[in-house]
Amino acid sequence: MFRLFISGRATRVLTSSSTRNRMSSKSRSKRKPDQFDFVDKGANDSDSSESEESVYSGLEEEPDTSEEDQEQSSDQSDNDSSDNDDDDDDVTLDDKSGLELSTEQRKELSTASDDELNEINDQRYTGNVKSQNRKQRKQITVKTADRPDEYDYDSSDEEDIRNTVGNIPLEWYREYPHIGYDIEGNRLLKPEKGDQLDEFLNKMDNPNYWRTVTNKMTGQNVVLSKEDLGLIQNLQSSKHPDSMAENYQPWIDFFTHEKMIHPVTNHPQHKRSFIPSKWEKLKVGQMVHALKMGWMKPTKAKTEEEEEENFYMLWKEDEESEITRRYRAHLPAPKMPLPSHAESYNPPPEYLLTKEEEEKWQNMEPEERRMNFLPQKYSSLRLVPAYKRFINERFERCLDLYLCPRKPKIRMNINPEDLIPKLPKPRDLQPFPTAQAIVYRGHSDIVRTISVDPTGQWLVSGSDDGSVRFWEVSTGRCMKSITMETGSLGNMCIRSVAWNPHPDVSLVAIAMGQTVILVNPGLGDKMVTNNTDNVLHSFSPTEEESMGKKVYADWSSIDTSDKRFENGFRLLLQHPKEVSQVTWHGRGDYFASVMPKGDSMSVLIHQLSRRRSQNPFNKSKGMVQCVLFHPVRPFLFVATQRYVRVYNLLKQELSKKLMTNCKWVSSMAVHSGGDNIIIGSYDCRLSWFDLDVSTKPYQTLRHHKRAVRAVNYHRKYPLFASASDDGTVIVCHGMVYNDLLKNPLIVPVKILKGHAISHDLGVLDCVFHPSQPWVFSCGADTTIRLFT
């Protein structure tokens, strides 16, 4: 224990030395701790500003000092400065500073650490000045906290000074055990967090959970005080943050009704108050120039009649015109009905109800009652009790006022027929097929595909029974029937047939399983059939073609000694996957086959004259549904499930990509001009595309109730047809004009019925006659029908 004696003279010296001591202690405290070493602030600790004010306030009387005292103080300051260079701690324990310590106190302080000495100095200088003539006992204690309280260093103007990572996203430290670094570069470890169960238990048990927030910079939980909550509520309600502050100060009335002698302000007038404005002069000059040039015209002088005051009626009910009456927005509120005789306290006897009428009235629904009350009779007015339904009637009256219309709505009387576009009558758009003419019977299973030869004399059909039949169009007679063998060809279902469009070539392409068969039917002109066979037999492969190139399809010819040669089989093309469609180019030398499951080999183009196959695509763009050749240009239309891509075969690039706006494309047809196509889909839509206008449908028709299976254009007439699973074929008039400014005219003209629905399938294919306005259709009822 030790005693402190401080004179009034030495107060300022101690103050300066204590501040130096604290500065040295702060510098020594900046050492690298192991984790977090922090000294708790005791109850006796205080800020430096408070200690300095308590030590010397500047109001005490200083005693007179002689020259000897001044010399002694100067010597003392010299000794202090010299000792300070050697050791800072010696200054605090110097005898010349006005302190008297015993030997025991010196020994006790010599064993203490630097931090303890600094704390002792702070406590000695702040506590002993307040009680100069009083003994004070103090025990030196040092506490080490597990985790520092960051709010001892809180600053409202800056960010948290403990975490010095700066203004960066704290998500970068999400996978690390620390959340940042302090001012000395040491890691700030994240506090331990429990799982959701611990969070729930904390929520249930902790009464301060609702006002606990997490500091993102340090990860510590902070409990908001009442002052913090009040500040947040004031900010949310757009009030002053400090609830004790006075938002509205009392008004000070500077000006009174009494006339004062001296003015409130008596400064001299400015020079601009009595000099003409140059800006007004410029503006007037501009207006005068505009009047001279005629750009601005002066206002006309009013005549005597116009100068007379015009009076008008304030309420113009009778003189109001019909137009203003019709468009007037105000509607008066509905008035309550006047009370009747039954509502009187002494009604006439004929308004009173009997017991039977009362029972009947009570058994009725409230909406069906003619009156909402029972008439009662009292001898005098003072005997009338309070009305029970008063509140109910007041509420219903408020509802009437609240729900009544305030503004009239003019109902528009529109004729529905005016909304329908004016289309020409179907009888003005003839010719088109209207009635069923011939039914072709002979297949025993579903007829999936049909095709007509270029002359229009013969018709070929393929069925699921594995047979291909050739029909004479005019008579309906089956001229030839070919039954496919299932041994070498696999599946016997005929998926597609296509007649060569060239009139000098008599060939039919048949797709069955993984094989495409080229058949010479031997019908029609014998010279054409013989020339076709001679051309096929005269083929000889060249050396370049026999080189080691990749083979996409195996070509094989049928010998004359084979039995199949008599049935018309000429060439076989073996494919790696199942073929779903075959289509010819307009010139008859190229044809394409579609394999939906072939991936990058989904589309193959074959050349008949050179007997070679090629794959135009390296990558698969989706499951291919059908392909078509452009009738005039070297374009190839490829339809996938949702898109139609147009490829330029010469440039080998994608020309256009059409958005079908449907879920699954089923079929496609190209106009004879090549600038318009129609697309059928399984979601009952038929879309017309104008390739010159847009990549989106020009018009979408939803005439069918079920999936659209096939669509087709007529080569000569402005007709197109669509076949659906609902058993109907809809024929539409589709006129394409040579004038590019005119849009195509699309008019549905006829619904052709006749096919029966079998196995949820209706009409599967439809084809127009090449020269006549006739349409052929085949369906699941094993029949082929001709509509003329």
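About the thresholds
- Residues numbered from 1 in each chain as written.
- Predicted model: local features only at pLDDT ≥ 70, side-chain atom pairs only at ≥ 80, totals over all residues.
- Heavy atoms only, no water.
- Helix = DSSP H or I, 4+ residues; strand = E, 2+ residues; numbered from the N terminus.
- Buried < 20%, exposed > 50% of the residue type's maximum accessible area, 1.4 Å probe, protein only.
- Contact = heavy atoms within 4.5 Å.
- Areas by Shrake-Rupley, 256 points an atom, 1.4 Å probe, with all protein chains shown as cover.
- Patch = residues over 30% accessible without salt bridge, like charges linked within 9 Å, V, L, I, M, F, W, Y side chains within 5 Å.
- Salt bridge = Lys/Arg side-chain N within 4 Å of Asp/Glu carboxyl O.
- Lys, Arg positive; Asp, Glu negative; His and termini not counted.
- Charge placed at Lys NZ, Arg CZ, Asp CG, Glu CD.
- Core = buried A, V, L, I, M, F, W, Y, C linked by side-chain atoms within 4.5 Å.
- Phe/Tyr/Trp six-rings, centres within 6.5 Å; stacked < 30°, edge-to-face > 60°.
- Pairing = 2+ DSSP bridges.
- Polar contact = N/O pair within 3.5 Å; in protein donor to acceptor, adjacent residues only side chain to side chain.
- Axes fitted to C-alpha atoms, helices over the stretch in contact; angles between N-to-C directions.
- pLDDT = per-residue confidence, 0-100.
- Disulfide = S-S within 2.5 Å.

**What to know about the overall build of the protein chain**
Logical step 1: Regarding its fold elements, the protein chain presents 17 helices and 33 strands.
Logical step 2: Scored against the burial criterion, the 788 residues of the protein chain give a buried share of 34%.
Logical step 3: A fraction of 51% describes how many contacts in the protein chain between residues 6 or more apart in sequence connect residues 24 or more apart.
Logical step 4: Carbon together with sulfur atoms contributes 50% to the accessible area of the protein chain, which is approximately 54,400 Å² in total.

**Some details on a negative patch on the surface**
Logical step 1: A cluster of acidic residues, E304, E305, E306, E307 and E308, forms a negative patch on the protein surface.
Logical step 2: Along the chain, E307 falls in helix α10 (residues 304-307).
Logical step 3: Overall, E307 belongs to the exposed group, its relative accessible area being 55%.

**A closer look at unusual backbone geometry**
Logical step 1: Note that the residue after Q430, namely P431, is joined by a cis bond; omega there is 10°.
Logical step 2: Position of P431 relative to the elements: it lies in the loop between α14 (416-419) and β5 (436-441).
Logical step 3: A positive phi angle, close to 60°, is found at N661, a residue other than glycine.
Logical step 4: Inspection of the secondary structure puts N661 in the loop between β22 (653-659) and β23 (665-670).

**Notes on the pattern of salt bridges**
Logical step 1: One pass over the structure, following the stated rule, counts 9 salt bridges.
Logical step 2: Residue R448 pairs with D464 through a salt bridge whose shortest N-O separation is 2.7 Å. Taken together, the residues R448 in strand β6 (residues 447-452) and D464 in the loop between β7 (458-463) and β8 (467-472) connect sequence positions 16 residues apart.
Logical step 3: One salt bridge in this structure joins R477 and E472, with 3.6 Å as the shortest N-O distance.
Logical step 4: One connected set of salt bridges, linked through shared partners, spans R389, E393 and E396.

**A short note on the nonpolar core**
Logical step 1: If you look at the biggest cluster of nonpolar residues, it comprises 19 residues, and the most contacted ones within it are F470, M484, I510 and I517.
Logical step 2: When contributions to this core are tallied by element, the ones reaching two or more residues are β7, β8, β10 (494-499), β11 (508-512), β12 (515-519) and β14 (569-574).
Logical step 3: Ranked by size, the runner-up nonpolar core spans 18 residues in total, among them A498, L536, W555 and M595.

**Quick notes on the packing of aromatic side chains**
Logical step 1: By the definition in use, this model includes 10 aromatic pairs.
Logical step 2: Centroid distance F470 to W499: 6.0 Å. Interplanar angle 90°. Geometry classified as edge-to-face. Separated by 29 residues along the polypeptide, F470 in strand β8 and W499 in strand β10 bring together distant segments of the chain.
Logical step 3: Counting every residue linked through ring pairs, the aromatic cluster contains Y440, W471 and F776.

**Brief notes about the pairing of β8**
Logical step 1: Here β8 lies mainly inside the structure; 6 of its 6 residues are buried.
Logical step 2: Across the two faces of β8 the burial is the same, with S467, R469 and W471 and V468, F470 and E472 all buried.
Logical step 3: Connecting β7 to the antiparallel partner β8 that follows it, the hairpin turn spans 3 residues, and G466 within it adopts a positive phi of roughly 85°.
Logical step 4: Relative to strand β9 (residues 478-483), β8 runs antiparallel, the two being bridged by 5 bridges. Opposite V468, over in β9, you have I482 as the bridge partner.
Logical step 5: Following β8, the chain reverses through 5 residues before pairing antiparallel with β9; G476 in that reversal takes a positive phi of roughly 80°.

**Observations regarding the side chain of S666**
Logical step 1: Looking at the secondary structure, you find S666 in strand β23.
Logical step 2: For S666, a relative accessible area of 13% translates into the label buried.
Logical step 3: At 3.5 Å, the side chain of S666 and the backbone nitrogen of S681 are in polar contact.
Logical step 4: Residues in contact with S666, not counting those within four places in the same chain, are G680, S681, Y682, V708 and R709.

**Section: the environment of F539**
Logical step 1: As for its placement among the helices and strands, F539 is situated in the loop between α16 (526-537) and β13 (554-557).
Logical step 2: The exposure class of F539 is partly exposed, given its relative accessible area of 24%.
Logical step 3: Sequence spacing of F539 and R611 is 72 residues, and the spatial spacing of their C-alpha atoms is 8.6 Å.

**Re the pairing of strand β17 (residues 603-607)**
Logical step 1: For β17, the tally of buried residues reaches 5 of 5 residues, placing the bulk of the element in the interior.
Logical step 2: As defined by bridge partners, strand β16 (residues 590-594) adjoins β17 across 5 bridges and the pair is classed as antiparallel. In the sheet register, V594 faces β17, and the bridge partner there is V603.
Logical step 3: Pairing between β17 and strand β18 (residues 612-614): 3 bridges, direction antiparallel. Within β18, the residue paired with H606 across the bridge is S613.
Logical step 4: Counting the residues in the hairpin turn of β17 and β18 gives 4 residues, including R611, whose phi is positive at 50°.

**Some details on the sheet that holds β17**
Logical step 1: With respect to topology, 4 strands assemble into an open sheet ordered β15-β16-β17-β18, the strand pairing being antiparallel. Two strands close off the open sheet at either side, each with one partner strand: β15 (581-584) and β18. Neighbour-to-neighbour, the strand axes of this sheet turn through a mean angle of 25°, independent of strand direction.

**Focus on the sheet that holds β10**
Logical step 1: On the basis of which strands lie adjacent, the open sheet formed by 5 strands has the order β10-β11-β12-β14-β13 and antiparallel pairing. Bordering the open sheet on either side are β10 and β13, each of which pairs with just one other strand. Neighbour to neighbour, the strand axes of the sheet diverge by 20° on average, direction disregarded.
Logical step 2: Sheet topology note: the β12/β14 ladder contains 5 bridges and is antiparallel.

**Observations regarding the side chain of H671**
Logical step 1: Looking at the element boundaries, H671 is found in the loop between β23 and β24 (676-681).
Logical step 2: Leaving out residues up to four positions away in the same chain, H671 has contacts with P631, N676, Y713 and V736.

**Some remarks on a nonpolar patch on the surface**
Logical step 1: A contiguous nonpolar patch, built from M287, L291, M293, W295 and M296 and spanning about 530 Å² of accessible area, is present on the exposed surface.
Logical step 2: Note on placement: M293 falls in helix α9 (residues 278-293).
Logical step 3: On the accessibility criterion, M293 (48% relative accessible area) is partly exposed.

**With respect to the confidence of the model for the protein chain**
Logical step 1: Here the protein chain shows a mean pLDDT of 77. Residues at 70 or above account for 76%.
Logical step 2: When the criterion is pLDDT under 50, residues 155-160 qualifies, and its contacts beyond four places in sequence or with other chains add up to 5 contacts.

**Description of the state of the cysteines**
Here a disulfide denotes a covalent bond joining the sulfur atom of one cysteine to the sulfur atom of another.
Logical step 1: Under the definition given, this model contains 0 disulfides.
Logical step 2: Distance from the sulfur of C778, which forms no disulfide, to the nearest cysteine sulfur (C766) is 8.5 Å.

**Quick look at the environment of M217**
Logical step 1: Inspection of the secondary structure puts M217 in the loop between β3 (212-214) and β4 (221-223).
Logical step 2: Given the relative accessible area of 14%, M217 is considered buried.
Logical step 3: Separated by 55 residues in sequence, M217 and R162 have C-alpha atoms that sit 8.5 Å apart.

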